[in-house]
Amino acid sequence: MSLPTPKKCLPISLSHHPKLSPKSAGHIRHFHNLSVQPAGDWSFMGSVFPEQEWHDGLRYQLATMSYAAGLTHYHRLPAIRGPFKTLFKRLIGKMLHRDVWGYWYLTSQGGVACNPDLKELRKPWADPVVRENVMYSGHLLLMTTMYAMLFDDDEYEAPGALTFVHDPVYYGLGTEVYEYTRTTLQTAIVKEMEREGWLGVCCEPNVIFLICNQFPLIALRYDSVRKGTICSEEVLKKYIDAWKAKGVDFSGDKIQADLYMVQQGQALPFGEIAMSAWAAAMFNTWNPSFSRALYATIMAGYLTQKPGGRYNLNSKPVVETILRLSRDSSLPPESPQFFQQAWESVKTEALAPFLRPGSTRELMPTKPIFGCIMEYVSEVGPAEHLAGLLKHADEVFTPRWNKGGLYYERCDEVVDQDGEWRFCDAFTGNVLVAYGRLNVPDGMRKMYETPWTHEVLAKTPWIDGLSGFEQGVDFLRGVWDEEVKAMILTVKSWSGERMVKPVVRG
């Protein structure tokens, strides 16, 4: 009996289309798991401060999950539209919960922490986006604008698509409802930029942070390309000119200021790496030469190479000592011998509790330094730095798997007795390590420079029949190979219980 002639195989090299690693797929599934938790259930996402006052707040976690998912869809799995679209919608829905933005009613009164000259509190207001608070509104704008760009869907332009319901039970004169669309939200933010002389929008009252204003600037770019306007170019020019008038130039190898205090009329440096690294990562969108020039300055002394290619993150006392020791050496600051000398010199100081200003017992929470550095390194840093930091997270932090999702357990210890960085907040453990692993070099920059348009998406094949990650399937490949006119799809069930029926469209 003769055997049938085998069908000719397409000349596809899967090496040109690398699949997601199990850990990368695990990060996406963890995002999904968090997005489907019942309303009010913020398991794994708890902050060190009440009232969402710290850098690990729910708004930052939800927004950055969206950005990491967007980067994954754009660069790695562009044909997998349905599941990512569903994930985005759920994260945006979570962002509209009062748990996430309700802090603003009290914060809107102002305080001496951000305005030392304040003598009387302002009358509070509940609307979280009408004025100031770009630390929330800017992220919501980028989430919804990225959604529109990636999926060519103007769902959030419908009247009341972004509705804030302020309905506390035991105070107030009744329910307050504030309705916006994506466009009216953008208009409110641009209006605030203009009110502040184009320096940006205040986060907390009286303070304009560079980092928080990067996200609406990116959103304006996506929207302008989709609609064929020059709004983004005009606003960015005014923004750059406004800071230049305050003596801050976005060039060279140093961030000259991290914030502007409105009432005091002062542009000031923040003096720590987390916010600088986070901002520098986003600068790579509209000012890549500046972002790259900053890398050596920002990162100097913070990383030490360990055996096996791992990189440790050093605490500030160690960093300062390493820079002093390495000043006249031909060896780079990351060399292990500098760390050992520095640790022996400042161990007691590095292990001492860091107290809140003016307090003799209250500890000052640590910022998400490791995670913010991961974002920056993943965007512009050397591959060995990124791989080394991921190795540190895997070996020194505590990775956990839950329902097929990967995250890193919270740890409040900053460094151990050997100087190894152990601090892992919820933002870092849930999102920022994942962001670093899922991003590609210049990932945000490439999306900024070449956002998808209606024309691009209309002519690009994609895979239908994939409703969402709730099907129990992880998508490891999903890309159209234009050269051989073939769709490449690789899926894996994390539970062994589900099946999908993909259909190629377009």
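Up top is the structure.
Criteria and cut-off values
- For every chain, the first residue of the written sequence is number 1, and numbering continues from 1 onward in sequence order.
- Reporting in this predicted model follows two pLDDT cut-offs: at least 70 for local features of residues, and 80 or more for side-chain atom pairs to be given and counted; totals over whole chains, interfaces and linings ignore these cut-offs and use all residues.
- Water and hydrogen atoms play no part in the side-chain values, which are based on all heavy atoms of the structure.
- Secondary structure is summarised from DSSP: a helix means a run of H or I of at least four residues, a strand means a run of E of at least two, and numbering begins at the N terminus for each.
- Under the scheme applied here, a residue whose accessible area is under 20% of the maximum for its type counts as buried, over 50% as exposed, and between as partly exposed, the area being computed with a 1.4 Å probe on protein chains only.
- Any two residues whose heavy atoms approach within 4.5 Å are treated as being in contact.
- Expected span of a helix: the number of residues minus one, times 1.5 Å.
- In this description, one arc is meant: the one made by directions from the helix axis to the C-beta atoms.
- A pair of Phe, Tyr and Trp rings is counted when the ring centres sit within 6.5 Å of each other, with Trp represented by its six-membered ring. The angle between the planes then sorts it: under 30 degrees is stacked, over 60 is edge-to-face, the rest tilted.
- Polar contacts here mean pairs of N or O atoms no more than 3.5 Å apart (in protein, one a potential hydrogen donor and the other a potential acceptor; neighbouring residues in sequence count only if both atoms are side-chain atoms).
- Axes, fitted as lines to C-alpha atoms, cover a helix only where it is in contact. Angles between the N-to-C directions of the axes lie from 0 to 180 degrees.
- For classification purposes, an angle smaller than 35 degrees is called roughly parallel, one larger than 145 roughly antiparallel, one from 65 to 115 roughly perpendicular, and anything else oblique.
- Rotating anticlockwise by less than a right angle from the far helix to the near helix defines a left-handed crossing, while the corresponding clockwise rotation defines a right-handed one.
- Residues are grouped as follows: Ala, Val, Leu, Ile, Met, Phe, Trp, Tyr, Cys and Pro are nonpolar; Asp, Glu, Lys and Arg are charged; every other residue, Gly included, is polar.
- What makes two strands pair is DSSP finding at least two bridges between them.
- Definition of nonpolar core: a set of buried residues of the types Ala, Val, Leu, Ile, Met, Phe, Trp, Tyr and Cys, connected through side-chain atoms within 4.5 Å.
- For this analysis, a salt bridge means a side-chain nitrogen from Lys or Arg found within 4 Å of a carboxyl oxygen belonging to Asp or Glu.

*Asks:* Looking at this structure, I do not really get the overall build of the chain. What am I missing?
*Replies:* Counting its secondary structure elements, the chain contains 18 helices and 13 strands. Counting only C-alpha atoms and orienting by the principal axes, one finds that the chain spans roughly 90 × 60 × 45 Å. Counting all 506 residues of the chain, 54% fall into the buried class. Contacts in the chain between residues at least 24 apart in sequence constitute 69% of all its contacts with a sequence separation of at least 6.

*Asks:* Looking at this structure, I do not really get helix α9 (residues 231-245). What am I missing?
*Replies:* Because each turn of an α-helix spans 3.6 residues, side chains separated by three or four positions in sequence point in the same direction. In this model, α9 (15 residues) spans 21 Å end to end at C-alpha, consistent with the 21 Å of a helix rising 1.5 Å per residue. Buried within α9 are the following residues: Ser232, Val235, Leu236, Tyr239, Ala242 and Trp243. Along α9, the residues classed as buried sweep out an arc of 130 degrees about the axis, all on the same side. Within α9, the exposed residues directed more than 90 degrees away from the buried face are Glu233, Lys237, Lys244 and Ala245.

*Asks:* What is the right way to read the packing of aromatic side chains from this model?
*Replies:* The description of an aromatic ring pair uses the distance of the two centres, along with the angle that the planes make with each other. All chains considered together, the criterion is met by 30 aromatic pairs. With 6.1 Å between their ring centres and 70 degrees between their planes, Tyr136 and Phe164 make a pair best called edge-to-face. Residue Tyr136 is found in helix α6 (residues 134-151), and its partner Phe164 is found in strand β1 (residues 162-166); the two are separated by 28 residues along the sequence. Here Tyr136 falls in the buried class, since its relative accessible area comes to 0%. Aromatic rings pair up to connect Tyr60, Tyr67, Phe215, Trp278 and Phe427 into one cluster.

*Asks:* Could you clarify how one ought to interpret the environment of Arg226 in this entry?
*Replies:* Structurally, Arg226 is set in helix α8 (residues 210-227). Along the chain, Arg226 and Ala267 lie 41 residues apart, while their C-alpha atoms are 34 Å from each other. Discounting chain neighbours no more than four positions away, the residues touching Arg226 are Ala148, Met149, Asp152, Asp153, Asp154 and Trp452. Reaching out from Arg226, the side chain makes a polar contact with the backbone oxygen of Ala148 at a distance of 3.4 Å.

*Asks:* Help me understand the packing of helix α1 (residues 22-35) against helix α3 (residues 81-95), please; the structure alone is not making it clear to me.
*Replies:* Angle between the axes and distance between the axes: these two values describe a pair of packed helices. Contact geometry of α1 with α3 gives a least axis separation of 9 Å together with a crossing angle of 45 degrees. As the angle between them shows, α1 and α3 are arranged oblique. Helix-helix and strand crossings are classified by hand; for α1 and α3 the assignment is left-handed. Along its contact with α1, which presents Ile28, Phe31, His32, Leu34 and Ser35, the element α3 presents Phe84, Leu87, Arg90, Leu91 and Lys94. Taken together, the residues that form the contact of α1 with α3 break down as six nonpolar, two polar and two charged.

*Asks:* I keep staring at the side chain of Asp416 and nothing clicks. Help me out?
*Replies:* Within the secondary structure, Asp416 is located in the loop between β9 (405-408) and α16 (426-438). Here Asp416 falls in the buried class, since its relative accessible area comes to 9%. Side-chain polar atoms of Asp416 contact the side chain of Arg422, separated by 2.7 Å.

*Asks:* Explain the sheet that holds strand β4 (residues 259-261) here, please?
*Replies:* Pairing is antiparallel across the open sheet formed by three strands, whose spatial order is β3-β4-β5. The open sheet has two edge strands with one neighbour each: β3 (207-209) and β5 (266-268). Strand-to-strand twist of the sheet, defined as the mean angle between neighbouring strand axes without regard to direction, takes the value 20 degrees. The pairing of β4 with β5 spans three bridges and is antiparallel. Following the sheet pairing, Met261 is matched in β5 by Gln266.

*Asks:* How should I be thinking about the nonpolar core in this particular structure?
*Replies:* Considering soluble globular proteins, one finds that nonpolar side chains tend to be buried as a cluster. Counting 152 residues, the largest nonpolar core has Tyr136, Trp243, Phe283 and Tyr376 as its most contacted members. In terms of residue count, α6 provides more of this core than any other element does, twelve residues in total. Dropping the residues within four chain positions of it, Tyr376 is found in contact with Ala277, Ala280, Ala281, Ser291, Leu294, Tyr295, Ile298, Met299 and Gly381.

*Asks:* Help me understand the pattern of salt bridges in this model?
*Replies:* Side chains that carry opposite charge are capable of pairing whenever their charged atoms lie near each other. Counted according to the given criterion, the structure contains 28 salt bridges. The closest approach of N and O atoms between Asp442 and Arg445, which form a salt bridge, is 3.9 Å. According to the relative accessible area criterion, Asp442 is buried, its value standing at 13%. Overall, Arg445 belongs to the partly exposed group, its relative accessible area being 24%. Residues joined by salt bridges that share partners form a network here, namely Lys306, Arg310, Lys391, Glu395 and Glu420.

*Asks:* Sorry if this is basic, but what is going on with the side chain of His17 here?
*Replies:* Along the chain, His17 turns up in the segment before α1. Judged by relative accessible area, His17 falls into the buried class, the value being 15%. Here His17 is in contact with Arg477, Val479, Asp481 and Ile488, once residues within four sequence places are set aside.

*Asks:* Even after reading the chapter, I still don't get helix α2 (residues 58-75), so can you show me in this structure?
*Replies:* Look at α2: 26 Å from first C-alpha to last across 18 residues, which is about the 26 Å you get at 1.5 Å a residue. The buried count for α2 comes to 17 of 18 residues, which makes it a mostly enclosed element.

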